[in-house]
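# Residue-level structural notes
Residue strings, one per chain:
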Amino acid sequence: MDTGSIAFILICAALVFLMTPALAFFYGGLGRRKNVLNTMMMSLAPMALASILWIIIGFSFSFSGSNSWIGDFHHLFMNGVDMAKNSLFPANHIPDGLFSGFQMMFSIITVALITGSVVGRMRFTPILIFMTAWLILVYYPLAHMVWGGGFLAQIHAIDFAGGDVVHISSGVTGLGLALVLGKRRDYERLDYRPHNIPFVVLGAGLLWFGWFGFNAGSALAANGVAINAFMTTNTAAAAAMFSWMIVEKILIGKPSIVGACSGAVVGLVAITPGAGFVSLWSSLIIGLLVSPLSYFMISVVKKKLGYDDALDAFGCHGIGGMFGGIMTGIFATPALAPEKGYAGLIYGSGKLLLANVSAVVFTVIFTALVSWIIIKVIALFMPIRVSDRAEAIGLDDSEHEETAYPTFLGLDS
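Residues numbered from 1 in each chain as written. Predicted model: local features only at pLDDT ≥ 70, side-chain atom pairs only at ≥ 80, totals over all residues. Heavy atoms only, no water.

As annotated in an unreviewed UniProt entry, the protein is Ammonium transporter from Lactococcus lactis subsp. lactis. Quoted straight from UniProt, the Sequence similarities (unreviewed entry) entry for the protein says "Belongs to the ammonia transporter channel (TC 1.A.11.2) family." (UniProt positions renumbered as here; feature names shortened; annotations may be inferred.)

Next comes the structure, spelled out in C-alpha cells:
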C-alpha cells in the first residue's frame, strides 16, 4: 500500500462528495425562487439514497464478476471488500474499501445531475423511485461495462473519469424525462431567469474545486497521471469559460456571469473522459471548442425542437460528455493511452476514435431506452408530474411545505 496515494484518494473522494451540495447551489440558483428548495432537495437526496444502494448492491454490480454487462452478487453488502488491503484490484495502490468509497461518490453526483432537466414539475416521490431503479439498471451496468472490465472496455473504449458513465448517461436521461413530463406550464410564455445568481457562482466555484478530485483522483494514485489530469482539468475549464464569454460578447453584446459559470462547467464535463489521457495543449482546444457547441445546442437547437430541458442538463452534460469522448479518441497521447496501438487519431490510428464513438452511441441508446422504460413503468402506478395548481404555487410548498424566502404579494407568481 502507498500511504501517499491513500491520503490523496481520501481527499479526492471528499472533494467529489462536495460536488453534490455544490450542484444543489448551482441548480438552485438557476431555478425559480418558488422551487429552490425542491430543486436543491432533488440534488441532495442522492447523498443518502445512492450511498445506501452502493453499499448494498452498487459496488458488487459495478466491480465484481467477469460478465460483459453487469457484475454479480459476490460483494453484496461489501462482502470481501477489505478496508486496509488491496486484494481485488492488483493494479491499484489503495485498499479495496477506499477504491469503493471513491467510486461511490461518482454514483451520487451522476444521479443528481439528471434532476436539472425536470425541476419545477416532477413529483418528489417518483423521482426517488426513478433514481433507485436507474442506478441499478443504468448506472451500475455502465460502470461495469467501462471500468469493471465489461463490454465497453472489451471494445477498447476509454473513459478516464466518466464521460459515458456520468455525463452522457445523466444528460440523455434528463432529456428523456423532460420529454415524458412535457413542458413547464409557463414555458415559452414567460422569460425564465436565474433567481439567485450568487448561488450559481458559489455552486460553479465549488464544482470546479471538487472536479480536481473527480478527475485527478481517477488516476487512483498520487502520480504523474493525476498531475496531468489536474492540469488538463483546470485548462479546459478556463478555456471553456473564456470562449463562452467570447460567444456571448459576439452574439448578444455582453458576457454574463451565468454564462461564464456555464462555460466553466461545460469545459469540466468535456475534459472528464480524457483528463488523464490527453496533453495539456489539447485540453486547451477541447475547452475552447466545447462552449460554442453547447451554447448552440441550448440557444438554437433546444428552441428549434421545443423541448424543455429546464436547467440544460442535456445541453451541458450530455453534449459535453459526447464531445469529450470523441475528442479523447482524437487527442489521447501514445504515452498516456492505456493500450498500445490505441492512441488518438492525430497520432496515426483511428481505432481508439472508432471505439469511443461506438461507446458514445451505445451509451446514448442504452441509457435512453432503459430510462424510458423505467419512467413509463413508474407512471403506471402513480402520477409523475405535479398538478397544475401545485406547479403554479411552487414545489417548495406543494412537495415539502417549506419556503426558502418570505413571500410577498406577486413575487412568486
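## Let's talk about the packing of helix H3 (residues 96-114) against helix H6 (residues 163-181)
Across the interface, H3 lies against H6 with an axial gap of 8 Å and an inter-helix angle of 25°. With respect to H6, the axis of H3 lies roughly parallel. Between H3 and H6 lies a crossing of right-handed hand. Contact with H3, carried on its side by Phe106, Thr110, Leu113 and Ile114, involves Val165, Val166, His167, Ser169, Ser170, Thr173, Gly174 and Leu177 of H6 and no other residues of that element. Partitioning the contact of H3 with H6 into residue classes produces six nonpolar, six polar and no charged. (Axes fitted to C-alpha atoms, helices over the stretch in contact; angles between N-to-C directions. Helix = DSSP H or I, 4+ residues; strand = E, 2+ residues; numbered from the N terminus. Parallel < 35°, antiparallel > 145°, perpendicular 65-115°, else oblique. Left-handed = near helix turned anticlockwise from the far one by under 90°. Contact = heavy atoms within 4.5 Å. Nonpolar A, V, L, I, M, F, W, Y, C, P; charged D, E, K, R; others polar.)

## Structural notes on the side chain of Asp312
With respect to the secondary-structure elements, Asp312 resides in the loop between helix H10 (280-305) and helix H11 (313-331). Judged by its relative accessible area of 15%, Asp312 is buried. Setting aside its immediate chain neighbours within four residues, Asp312 contacts Ile298, Lys302 and His317. (Buried < 20%, exposed > 50% of the residue type's maximum accessible area, 1.4 Å probe, protein only.)

## What to know about a nonpolar patch on the surface
The grouping of Phe242, Ile246, Ile250, Leu251, Ile252, Leu284, Leu288 and Leu289 at the surface amounts to a nonpolar patch, some 780 Å² of accessible area in total. For the nonpolar patch, the secondary structure elements donating two or more residues are helix H8 (224-252) and H10. The element contributing the most residues to the nonpolar patch is H8, with five residues. Its place among the elements puts Phe242 in helix H8. (Patch = residues over 30% accessible without salt bridge, like charges linked within 9 Å, V, L, I, M, F, W, Y side chains within 5 Å. Areas by Shrake-Rupley, 256 points an atom, 1.4 Å probe, with all protein chains shown as cover. Salt bridge = Lys/Arg side-chain N within 4 Å of Asp/Glu carboxyl O.)

## Structural notes on H8
With 29 residues, H8 extends 42 Å from end C-alpha to end C-alpha; this agrees with the ideal 42 Å at 1.5 Å per step. One or two positions beyond H8, positive phi appears at Gly253, with a value near 95°. (Expected span 1.5 Å × (residues − 1).)

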